[in-house]
Amino acid sequence: MSAKPAIRVAVTGAAGNIGYSLLWRIASGNCFGADQPVILQLLEIPPGMDRLNGVCMELTDSAFPLVHGIVATSDANVAFDGVNQAFLVGSRPRGPGMDRSDLVAANGPIFVGQGKALNDNAADDVRVIVVGNPCNTNALIANANAPDIPDDRFTAMTRLDHNRAMGQLAAKAGRPVADVEGVIVWGNHSPTMYPDVSKATVQGKSVVDTFDADWLGSEFHKTVSTRGKAIINARGASSAASAANAALDHMRDWWTGTNGKPVSMALPSKGWYGIPEGLMFSVPTICEADGSLTVVEDWELSDHAKAKIAASADELLKERAAVAELL
Ligand code: NAX
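Residues numbered from 1 in each chain as written. Predicted model: local features only at pLDDT ≥ 70, side-chain atom pairs only at ≥ 80, totals over all residues. Heavy atoms only, no water.

(A) The site of the ligand, seen in detail. Around the ligand there are 24 residues in total, and Asn17, Ile18, Glu44, Ser91 and Asn133 lie nearest to it. Backbone polar atom of Met157 to a nitrogen atom of the ligand: 3.5 Å apart, as the coordinates give it. Protein contact buries 86% of the 880 Å² of open area that the ligand shows by itself. Elements that contribute at least two residues to the shell around the ligand include exactly helix H1 (17-27) and helix H4 (100-121). Per-class residue counts for the shell around the ligand are 11 nonpolar, 11 polar and two charged. When we break the shell around the ligand down by domain, the ones giving at least three residues each are domain 1 (7-156) and domain 2 (159-326). (Near = heavy atom within 4 Å. Polar contact = N/O pair within 3.5 Å; in protein donor to acceptor, adjacent residues only side chain to side chain. Areas by Shrake-Rupley, 256 points an atom, 1.4 Å probe, with all protein chains shown as cover. Helix = DSSP H or I, 4+ residues; strand = E, 2+ residues; numbered from the N terminus. Nonpolar A, V, L, I, M, F, W, Y, C, P; charged D, E, K, R; others polar. Domains from an automatic or database assignment.)

(B) Main features of the pairing of strand E12 (residues 262-268). Across the seven residues of E12, six count as buried, placing the element largely inside the fold. Where E12 meets strand E13 (residues 280-287), seven bridges bridge the pair, whose relative direction is antiparallel. Each residue of the ladder has a partner; that of Ala266, found in E13, is Ser282. (Buried < 20%, exposed > 50% of the residue type's maximum accessible area, 1.4 Å probe, protein only. Pairing = 2+ DSSP bridges.)

(C) Representation of the nonpolar core. Ile26 and Phe87 are the most contacted members of the largest nonpolar core, which totals 59 residues. Here this core gathers at least three residues from each of two domains, domain 1 (7-156) and domain 2 (159-326). One finds Leu43, Leu88, Val126 and Ala139 within the second-largest nonpolar core, a separate group that totals 30 residues. (Core = buried A, V, L, I, M, F, W, Y, C linked by side-chain atoms within 4.5 Å.)

Listed below in structure tokens is the structure:
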């Protein structure tokens, strides 16, 4: 038996598609380490509780040595009780005819309640990733409703976009993804995101100097920013395993540190690069060994990059204005 005390890990929307992939990897030690026991605290809405009970049965049947407890509930106060790590995945999916502003309006209230429940119940060291869309603005709402939790404990996931960009560069170069470094995704998790390859390298060689500029400027950007839709068209269902994998990458990096290397994470802006203060904006972020997050503040930006970042900030400002009464 491991000597480490168990940490409490909450997953919301735990009976959904992403949850079905995420939970097994958290439980097997893939996120917090092979010697770190976890207590899983799983939240669903009441209509999802039968499905969640089935998921819990399967988790039990997987006999994971690291799982020291499983809580299944539809009460956020129970799910977030003493929680150290929170994956906020559950939200309403975009229905037929819904545009982005409808989605913002439909999901905003969920994150008011969950922000308050985190504020009232979470452990002092809680760290939060918001995956449920529109994730940047949902994270903003949760953060605003948790005044006792430091702002920098709230993040939103742009790691899937980051990983997609890495995957495209590796495929184009015909190299393993381990040879790709230095990619950063800026902005909103939406088609306005900006996948920045200005410092990216493949096998140590500059991507900008060695890749076809037309491909980088058009197809690469389009493929990365519309990948979610392409997967729905191909699979008949939205990204689930890759999204769970990205959430794990994000939280694992935050847990272990990134050895000085920046990764893409959306954090509450402190005004870096002229990004309006408070917006949950994806920026180059170094995860320090002590669990703090340091934004790289001297990244050189071309005029093109600045314009793209401003456009994504503009979109997030509009989303923030649409949920002003929830903040
Ligand atoms: P599913 O519809 O399969 O699962 C969502 C689950 O959340 C359902 O079981 C539902 O009952 C539950 N739920 C709904 N409202 C809830 C609430 N208030 N509290 C707790 N649970 C609640 O969706 P899934 O494929 O798992 O995707 C989940 C979310 O991730 C969606 O919002 C989706 O748009 C978002 N994504 C975000 C990505 C990102 O890169 N940030 C990429 C993947 C994904 O599209």
